[in-house]
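As a plain string of letters, each chain reads:
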Amino acid sequence: MSHYSCIVVGAGHAGCEAAMALARMGHNVLVVTSNVDRIGHLSCNPAIGGLAKGHLVREIDALGGCMGKWADEAGIQFRVLNASKGPAVRARRAQMDRDTYLAAAKRDMFAQPNIAIWQDMVTDILAEGGRAVGIRTQLGKEFYAPHILLTTGTFLCGLVHVGLTHYSAGRFGDSAAMQLSDSLRSLGLELGRLKTGTTPRILGSTIDFDALEAQYGDNPPQKFSFTGPGPQLPQVPCWISWTNQNTHDIIRSGLDRSPLFTGIITGVGARYCPSVEDKVARFPERDRHHVFIEPEGLNQQEYYANGISTSLPLDIQEKMVNSIRGLEHAKIVRPGYGIEYDFVNPIQLKPTFETRKVQGLWLAGQINGTSGYEEAAAQGMWTALNIAAQIEGREPFLPKRSECYMAVLADELVTKGTNEPFRMFTSRAEYRLLLREDNADARLTPCGRERGLVKDEQWDIFRERQEALHGLMDRLKSVRLTPDAATQAAFAEMGEPCPNQAVTLADLGRRPQLELRRLSRFLPELADTPDDIVQETEIVLKYSGYLELQDELVRRAARQESIRIPADMDYTDMAGLSREIQEKLNKVKPITLGQAGRISGVTPAALACVEIELKKRGLI
C-alpha cells in the first residue's frame, strides 16, 4: 500500500504544473497518467501564450512554475501580440516545436525529486466520511493520499467525431476514461458535457508555400521566463491563407453529415474558437476566414491549419483543404475532429479549487470547463499552492483580482461557473493595466518565495531586476534640466519642444511620443540599460496617471473584499432577497461580500441586504 501527500491524476498542463510545484515545495506526489509518453503533450495547436494567456504564463513563471521555461526552450517563433496597442493588452505568443516541448516536460517531471509516475487509468475515487482518501485504477491498484487532484482534460467519457463516425477516445489515438465520471457522480458532483475540436494536419511537402503570405516572428524574440537563457531554437515563419466562397460552398454541402448540425454532438462548443462549419453558418456574410499554416516543429512534416477546426466528414475535409490557396494539392495526415467530454461546473468548487462535496478532492484544467493550455497550467499552479497550504497549515493562496490574472480566472470560474468552454481574455480583468505581462514578477515572485516555490537563483535574479528598475527610476527623477541654451540646442537637435521650465527626466519620460532611450544624451547609462528595464520604466512613467486611478479603484473595492462571510451562511428566507438570489448565494457560498457582488444576478440592493444581515450578526 502506497501513501503520498497528493495524487495528481493526469499529466497534461494542469497536472504537470501542479505536480512540479508540489514536489518543489517538498511534498511527495504520485502522478497517474494513461500514457507516460504524452506527459506535457500539446494535443491541439503547438503554441503557448496569446491574449491574456501570455499573462498567465508569465504569472506561472513569476511564482516559480515551469510553462514559461519549457516554452522558451521549445519556441520556434515568438511574437508580441497587440504590440502597437497599450501595455495592458500586449501579450506574448510562441509557436512550439511539439517534440521539444514534450521532451522538456517529460524530462523535468522524471528528474524532479518527490515525484513518482505510474501509467494506468483511474476508475474510482476512494472516499471515507466525505473525504477523499485515494484512487483505484483499471489494473486494480489502489493508491492513498489525503489530497487527490483531477486534471483529466478531455478524457472523461471522451467521444471523438469525424462526420457521422464517432468512437470513444480521450483525444485522437488515446483511450478515454469511461468509469471515473460515474465515481464522481456517486460522490455528489454534477457533471455536464462540453465539446471542443481540432484542425486537419497537413503534410508539409504538399503545401505550396510560394502562394502563401509569410508571417515572421519578432527579432529579437521576447522570452516568457524572467529567468533562463530564453529562446534557443532556430526561428521559422508561419504562413497565412484564406478560405473563399468555394470553400464555404464545400462546407455547406457537408452540413447534412456534420455531427454538429445533425444533433449527434450534444456538448456545448467554444464560443470564441468555433469550428469552421460553425463560422460559415453563423457568418454567411463573410467572404473569407483566416487560415494560419503553422509548423508543428523544426523536424516535423506536419503543419497545423489554424482556423479550420472541424468535425466534418473526411471527404468534405479533403475538398475543403484543397479549395484553399496554397493547399490545392495538400494531403491530410491526420483529420480534424470534434471531441465531447464530461466536465464539472466549477461553481461546485471552493475558491481554492477544492470540491465542496468532498474534502481533499481538487479539480484543475478542462475538467473545470476551461479551454487552453495556459488556463489549465494556471489552475494547476493555483491548486498546488492551496493543497500545499492545507498540508503546511498555512493560509490559502487567494490573491485578489487586482493582483493577478490567475485570481480573475479562479474567481470567474467559482463565482459564475460556466456552461461552455471558458477562455481567458484581458477584458475579464477590470484592473488590467496593473496586471501587465512586464510586472508579473513584481506582483507574484515575493509570494512564490514566501511559499517556498521560488528558489535562490530565481530570487536573486528578481531582486537584481527590481533594483535595476528602482535605480533607473530614481536617476530619472534626480536628473533635472533647465531651459538654458545647451538644453534648447539639444532639444532642437532631437526635434522635440524644449520645456520652458526646469523638469526632471522622469517628467520628460511622460511625454507620449518621446521614447525614453532618446534621453540617453542626458543620462548616458540609458543606452546600455537592458530593454526590459527601459520598457517597464517607460510604461510606469507614461501611464502613471492611469495607474494611480486603478490603484484608487482597488482601494475603494478593498472594503467589500475584506468583509468575510461565514462558510455556513444560509441565505434561505434572508430578508430582502428574492428566491432566485437566495438560491444563487446558497449555491456559490461566496467567501467575501465582494465575491457575492460578482455573482450574476446579485444586485446592489441584494448585496446591501447581505451586509445588513452580517451587521445584525455582529460580523462587521
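In the block above lies the structure referred to throughout.
Residues numbered from 1 in each chain as written. Predicted model: local features only at pLDDT ≥ 70, side-chain atom pairs only at ≥ 80, totals over all residues. Heavy atoms only, no water.

Participant: Just checking my understanding: could you explain unusual backbone geometry for this structure?
Facilitator: Negative phi values dominate among residues other than glycine, just as trans dominates among peptide bonds. Put simply, Asn219 and Pro220 share a cis peptide bond, and its omega is 5 degrees. For Pro220, the position within the fold is in the loop between strand S16 (213-215) and strand S17 (238-242). A positive phi angle is found at Cys157, which is not glycine, with a value near 50 degrees. For Cys157, the location among the structural elements is in the loop between strand S11 (148-150) and strand S12 (159-162). Residue Cys157 is classed as buried on the basis of its relative accessible area, which comes to 17%. (Helix = DSSP H or I, 4+ residues; strand = E, 2+ residues; numbered from the N terminus. Buried < 20%, exposed > 50% of the residue type's maximum accessible area, 1.4 Å probe, protein only.)

Participant: Looking at this model, I keep getting lost on the sheet that holds S12. Mind explaining?
Facilitator: With antiparallel pairing, 4 strands are arranged side by side in an open sheet as S13-S12-S21-S14. On the outer flanks of this sheet lie strand S13 (165-168) and strand S14 (191-198), each paired with one strand and no other. On average, each strand axis in the sheet is tilted by 25 degrees relative to the strand beside it, whichever way the strands run. Relative to strand S21 (residues 337-344), S12 runs antiparallel, the two sharing 3 bridges. Bridging from a neighbouring strand, His161 pairs with Gly338 of S21. (Pairing = 2+ DSSP bridges. Axes fitted to C-alpha atoms, helices over the stretch in contact; angles between N-to-C directions.)

Participant: Quick question: what am I supposed to make of the sheet that holds strand S6 (residues 91-96) here?
Facilitator: Whether parallel or antiparallel, the strands of a sheet pair through hydrogen bonds between backbone atoms. Strand order in this open sheet of 3 strands is S4-S6-S5, and the pairing throughout is antiparallel. The two strands at the open ends of the sheet, each matched to only one other strand, are strand S4 (47-49) and strand S5 (75-81). When the angles between neighbouring strand axes are averaged without regard to direction, this sheet yields 20 degrees. Here S5 pairs with S6 via 6 bridges, running antiparallel. From the neighbouring strand, Val80 faces S6, where its bridge partner is Arg92.

Participant: I'm lost on the pairing of S12 in this one. Help?
Facilitator: Within a regular strand, the side chains alternate between the two sheet faces. Pairing analysis gives 4 bridges linking S12 to S13, with the strands arranged antiparallel. Among the inter-strand pairings, Leu159 is bridged to a residue of S13, identified as Ser168. Hairpin connection, S12 to S13: the antiparallel pair is bridged by 2 residues, and Gly163 has positive phi, about 60 degrees.

Participant: Help me understand the state of the cysteines in this model?
Facilitator: Disulfide: a covalent bond formed between the sulfur atoms of two cysteine residues. Using the criterion set out here, one finds 0 disulfides in the structure. Among the cysteines around Cys238, which has no disulfide bond, Cys44 carries the closest sulfur, lying 14 Å off. The exposure class of Cys238 is buried, given its relative accessible area of 1%. (Disulfide = S-S within 2.5 Å.)

Participant: Help me understand helix H12 (residues 456-478) in this model?
Facilitator: In an α-helix there are 3.6 residues to a turn, and that puts residues three or four apart on one side. Its 23 residues place the ends of H12 32 Å apart at the C-alpha level, agreeing with the 33 Å of an ideal helix rising 1.5 Å per residue. Buried residues of H12: Gln458, Trp459, Phe462, Arg465, Gln466, Leu469, Gly471, Leu472, Met473 and Leu476, and no others. Buried-residue contacts for H12 involve helix H2 (53-62), helix H11 (440-450), strand S24 (503-504), helix H14 (505-509) and helix H15 (531-542). (Expected span 1.5 Å × (residues − 1). Contact = heavy atoms within 4.5 Å.)

Participant: Can you walk me through the packing of aromatic side chains in this structure?
Facilitator: How two aromatic rings sit relative to each other is given by the distance of their centres and the angle of their planes. Within the structure shown, the criterion is met by 11 aromatic pairs. Summarising the aromatic geometry, the rings of Trp70 and Tyr101 are spaced 6.1 Å apart at their centres and angled 85 degrees between planes, so their arrangement reads as edge-to-face. With Trp70 in helix H3 (residues 67-74) and Tyr101 in helix H4 (residues 98-111), this residue pair connects regions lying 31 residues apart in the sequence. For the pair Trp70 and Tyr101, one class covers both residues: buried. An angle of 70 degrees between the planes, with centres 5.2 Å apart, marks the rings of Trp382 and Phe397 as edge-to-face. Pair noted here: Trp382 is in helix H9 (residues 373-392) and Phe397 is in the loop between H9 and helix H10 (405-416), with a separation of 15 residues, a long-range link. Looking at Phe397, the relative accessible area reads 2%, which means it is buried. Cation over ring: Lys141 sits above Trp118, and NZ or CZ is 5.3 Å from the ring centre. The ring of Trp242 carries Arg288 above its face, with NZ or CZ at 3.4 Å from the centroid. (Phe/Tyr/Trp six-rings, centres within 6.5 Å; stacked < 30°, edge-to-face > 60°. Lys NZ or Arg CZ within 6 Å of the ring centre and 35° of its normal.)

Participant: I tried to follow the nonpolar core on my own but got confused; where do I start?
Facilitator: General note: in soluble globular proteins, nonpolar side chains tend to be found buried as a group. If you look at the biggest cluster of nonpolar residues, it comprises 98 residues, and the most contacted ones within it are Ile48, Ile125, Ile148, Leu150, Leu184 and Leu361. Per-element tally for this core: the top contributor is H9, with 10 residues. Excluding its chain neighbours within four sequence positions, the residues that come into contact with Leu361 are Ile125, Ala132, Ile148, Leu150, Leu184, Leu187, Leu189, Phe353, Glu354 and Thr355. Among the nonpolar cores identified, the runner-up in size contains 21 residues, and Leu476, Met494, Leu508 and Leu514 belong to it. (Core = buried A, V, L, I, M, F, W, Y, C linked by side-chain atoms within 4.5 Å.)

Participant: Teacher, can you tell me more about the packing of H2 against H9 here?
Facilitator: Axes are the key here: two packed helices are described by the angle between their axes and the distance separating the axes. One can describe the packing of H2 onto H9 by two numbers: an axis separation of 9 Å at closest approach and a directional angle of 30 degrees. Relative to H9, the element H2 lies roughly parallel. In this structure, the crossing between H2 and H9 has a hand that is left-handed. Side by side, H2 and H9 meet where Lys53, Leu56, Val57 and Ile60 of the first sit next to Glu374, Glu375, Ala377, Ala378 and Met381 of the second. Class assignment of the residues belonging to the contact of H2 with H9 gives a composition of 6 nonpolar, no polar and 3 charged. (Parallel < 35°, antiparallel > 145°, perpendicular 65-115°, else oblique. Left-handed = near helix turned anticlockwise from the far one by under 90°. Nonpolar A, V, L, I, M, F, W, Y, C, P; charged D, E, K, R; others polar.)

Participant: Is there a simple way to explain the pairing of S21 in this structure?
Facilitator: In terms of burial, S21 is largely enclosed, as 8 of its 8 residues are buried. Of the two faces of S21, the one holding Tyr337, Ile339, Tyr341 and Phe343 and the one holding Gly338, Glu340, Asp342 and Val344 are both buried throughout. Pairing between S14 and S21: 8 bridges, direction antiparallel. Its bridge partner being in S21, Thr196 is matched across the sheet by Ile339.

Participant: Whenever I open this one, the environment of Ile76 confuses me. Can you help?
Facilitator: Assignment of secondary structure puts Ile76 in strand S5. It is 24 Å that separates the C-alpha atoms of Ile76 and Lys331, two residues lying 255 residues apart in sequence. Not counting residues within four places of it along the chain, the set of residues in contact with Ile76 comprises Gln95, Met96, Asp97, Leu233, Pro234, Gln235, Val236, Pro295, Gly297 and Leu298.

Participant: Quick question: what am I supposed to make of helix H8 (residues 314-322) here?
Facilitator: Taken residue by residue, H8 has Ile316, Gln317, Met320 and Val321 as its buried positions. In a view along the axis of H8, the buried residues occupy a sector of 130 degrees, so they form one face of it. Close packing links the buried residues of H8 with S12, strand S15 (201-203), helix H6 (245-253), helix H7 (276-282) and strand S20 (332-334). (Arc of directions from axis to C-beta.)

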